[in-house]
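Descriptive structure summary
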Amino acid sequence: MPRRLVAVALGLLLLISGCGQSQAEAPVNADDVMFVQMMVQHHRHGIEIAKVGTARAAMPEIKTLTAAIESTQQSEVEMMLRWLHSWDQPLTAPTGAHDHHGGMAQTDVKRIQALKKSKSLERDLLNLLIAHQDDAVQMAGTEVYSGANPTVKEWARQVQVSRKGQIDLMTNLLKRAGG
């Protein structure tokens, strides 16, 4: 009788654990794909902005912050590209697709070029980065609401928290920089 009970228990454990078969992959919907595609481009702009700060900022706190943003966002781009590859999705969204998913304006390349020549670098850099990171918070909020993939949604929550923290820090630095 005890052997039979062990066999039944073992059978139930196998049934509960999926009988040893691999678990289904986490779901991915169109919102997950669009979010990741858009965030790759958004991060690339953020990296370009951060490089200007790392190269030209006089305040050590701004240099440290922009170097951290540059490093973090590069790692995140690599992570997002791996996701798109694993989902067998294009690395970029179709032209104009951004307009249909919140219409968030991407940081204009002209603004980044103007930043490189700015006479008020710290003020202009921080203002541009604050707006840029706020866009990331908004995009992440849409993913948290509409996405299906648990990993991507969790990362979007982390983006919201970290970028809000960066915005607070940059707002304080802006006050110190005379902005």
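Predicted model, so just to flag it, every value in this text is computed and none were measured.

Observations regarding the packing of helix α5 (residues 121-146) against helix α6 (residues 150-176)
- Two elements in contact, α5 and α6, have axes whose closest approach is 8 Å; the angle formed by their N-to-C orientations is 155°. Here α6 runs roughly antiparallel to α5, going by the angle between their axes. At the point where α5 passes α6, the crossing takes the left-handed sense.
- Residues that form the contact of α5 with α6 fall into these classes: 14 nonpolar, six polar and seven charged.

Quick look at α6
- An ideal rise of 1.5 Å per residue puts 39 Å on 27 residues; α6 measures up with 39 Å between its terminal C-alpha atoms.
- Looking at α6, one finds that the buried residues are Val152, Lys153, Trp155, Ala156, Val159, Gln160, Arg163, Gln166, Ile167, Met170, Leu173 and Leu174.
- Turning to α6, the residues buried within the fold contact α2 (30-56), α3 (60-86) and α5.
- For α6, the N-terminal cap is Asn149; the gap from its side-chain oxygen to the backbone nitrogen of Thr151 is 3.0 Å.

Regarding the pattern of salt bridges
- Here the structure, examined in full by the defined rule, presents five salt bridges.
- For Lys51, the salt bridge identified is with Glu48, shortest N-O distance 3.7 Å. Highlighted residues: Lys51 and Glu48, both in helix α2, separated by three residues, approximately one helical turn.
- Residue Lys51 is classed as partly exposed on the basis of its relative accessible area, which comes to 38%.
- With its nearest N and O atoms 2.5 Å apart, the salt bridge here joins Glu76 to Arg163. Here Arg163 lies in helix α6 and Glu76 lies in helix α3, a separation of 87 residues in the sequence. Neither Glu76 nor Arg163 differs from the other in exposure class; each is buried.

Looking at the packing of aromatic side chains
- The tally for this structure, following the rule as stated, stands at three aromatic pairs.
- Arranged with centres 5.8 Å apart and planes meeting at 55°, the rings of Phe35 and Trp155 form a pair that is tilted. One end of the pair, Phe35, is in helix α2; the other, Trp155, is in helix α6, and 120 residues separate them in sequence.
- In this structure Trp155 comes out as buried when scored by relative accessible area, which is 6%.
- For the pair Trp83 and Trp155, a centre-to-centre distance of 5.8 Å together with 75° between the ring planes defines the contact as edge-to-face. Of this pair, Trp83 sits in helix α3 while Trp155 sits in helix α6, placing them 72 residues apart in sequence. Of the two residues, Trp83 and Trp155, both sit in the buried class.
- Taken together through their ring pairs, the aromatic side chains of Phe35, Trp83, Trp87 and Trp155 make up a single cluster.

Thresholds, definitions, all that
Residues numbered from 1 in each chain as written. Predicted model: local features only at pLDDT ≥ 70, side-chain atom pairs only at ≥ 80, totals over all residues. Heavy atoms only, no water. Axes fitted to C-alpha atoms, helices over the stretch in contact; angles between N-to-C directions. Helix = DSSP H or I, 4+ residues; strand = E, 2+ residues; numbered from the N terminus. Parallel < 35°, antiparallel > 145°, perpendicular 65-115°, else oblique. Left-handed = near helix turned anticlockwise from the far one by under 90°. Nonpolar A, V, L, I, M, F, W, Y, C, P; charged D, E, K, R; others polar. Expected span 1.5 Å × (residues − 1). Buried < 20%, exposed > 50% of the residue type's maximum accessible area, 1.4 Å probe, protein only. Contact = heavy atoms within 4.5 Å. Polar contact = N/O pair within 3.5 Å; in protein donor to acceptor, adjacent residues only side chain to side chain. Salt bridge = Lys/Arg side-chain N within 4 Å of Asp/Glu carboxyl O. Phe/Tyr/Trp six-rings, centres within 6.5 Å; stacked < 30°, edge-to-face > 60°.

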